[in-house]
Amino acid sequence: MAIIQSLGNFLDELKAVGAIIDGRAFWDRDLNSNESLQSGILRVEFDAEEAPPLQDLQFGSRRNVLYFDTLAADILEASTSAQPKREGDRTCCHSTSCVGST
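Now for a description of the structure that goes with this document.

## Examining the overall build of the protein chain
Thought 1: Within the protein chain, the secondary structure is distributed over 3 helices and 2 strands.
Thought 2: The linear arrangement of helices and strands in the protein chain, starting from the amino end, is α-β-α-β-α.
Thought 3: Out of the 102 residues belonging to the protein chain, those deemed buried represent 11%.
Thought 4: Relative to all contacts within the protein chain whose residues are 6 or more apart in sequence, the contacts with residues 24 or more apart total 35%.

Put into structure tokens, the structure is as follows:
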């Protein structure tokens, strides 16, 4: 039913922006008797839970000396890749005129 789908889409939009945690739209047959439907009365239900306002945000901090291993590896990699090739090196990038190139 388009009305329930539209309400469900609206609840999805509210969830996407953080206004609610979640919600759903539904039709309850017990609340929609034949008499009310015949009279043009339609009741659509939804449930939703609002996102509570953040009251207390806490961050914890811990030391981790193992990160120095990563730092040292990054420095080593940067220093070896940044060194220019010298003539005479076996890995010289110049033409065959370099001494020691193979």
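## A word on the pattern of salt bridges
Thought 1: Overall, the coordinates contain 3 salt bridges when judged by the stated rule.
Thought 2: A salt bridge links K15 to D22; its shortest N-O distance comes to 3.5 Å.
Thought 3: Assessed through its relative accessible area of 39%, D22 is described here as partly exposed.
Thought 4: Between R43 and E45 there is a salt bridge, with its nearest N and O atoms 2.4 Å apart.
Thought 5: Assessed through its relative accessible area of 46%, R43 is described here as partly exposed.
Thought 6: For E45, a relative accessible area of 18% translates into the label buried.

## Here's the deal with the packing of aromatic side chains
Thought 1: Evaluation of the coordinates by the stated rule reveals 0 aromatic pairs.
Thought 2: When the ring centre of F26 is taken as origin, the NZ or CZ atom of R24, which lies over that ring, is 4.3 Å away.

## Side note on the environment of I21
Thought 1: Among the structural elements, I21 can be located in strand β1 (residues 20-26).
Thought 2: Sequence spacing of I21 and P52 is 31 residues, and the spatial spacing of their C-alpha atoms is 8.7 Å.
Thought 3: Ignoring anything within four residues of it in the chain, the contact list for I21 reads K15, E49, E50, A51 and P52.

## As for the environment of Q58
Thought 1: By secondary structure assignment, the location of Q58 is in the loop between β2 (45-50) and α3 (67-82).
Thought 2: The class for Q58 is exposed, based on a relative accessible area of 62%.
Thought 3: Only 2.8 Å separates the side chain of Q58 from the side chain of D56, close enough to count as a polar contact.

## A closer look at a nonpolar patch on the surface
Thought 1: Residues M1, I3, W27, L37 and L42 make up a contiguous nonpolar surface patch of roughly 470 Å² in combined accessible area.
Thought 2: Within the secondary structure, L42 sits in the loop between α2 (34-38) and β2.
Thought 3: Given the relative accessible area of 34%, L42 is considered partly exposed.

About the criteria used
- Residues numbered from 1 in each chain as written.
- Predicted model: local features only at pLDDT ≥ 70, side-chain atom pairs only at ≥ 80, totals over all residues.
- Heavy atoms only, no water.
- Helix = DSSP H or I, 4+ residues; strand = E, 2+ residues; numbered from the N terminus.
- Buried < 20%, exposed > 50% of the residue type's maximum accessible area, 1.4 Å probe, protein only.
- Contact = heavy atoms within 4.5 Å.
- Salt bridge = Lys/Arg side-chain N within 4 Å of Asp/Glu carboxyl O.
- Phe/Tyr/Trp six-rings, centres within 6.5 Å; stacked < 30°, edge-to-face > 60°.
- Lys NZ or Arg CZ within 6 Å of the ring centre and 35° of its normal.
- Polar contact = N/O pair within 3.5 Å; in protein donor to acceptor, adjacent residues only side chain to side chain.
- Patch = residues over 30% accessible without salt bridge, like charges linked within 9 Å, V, L, I, M, F, W, Y side chains within 5 Å.
- Areas by Shrake-Rupley, 256 points an atom, 1.4 Å probe, with all protein chains shown as cover.

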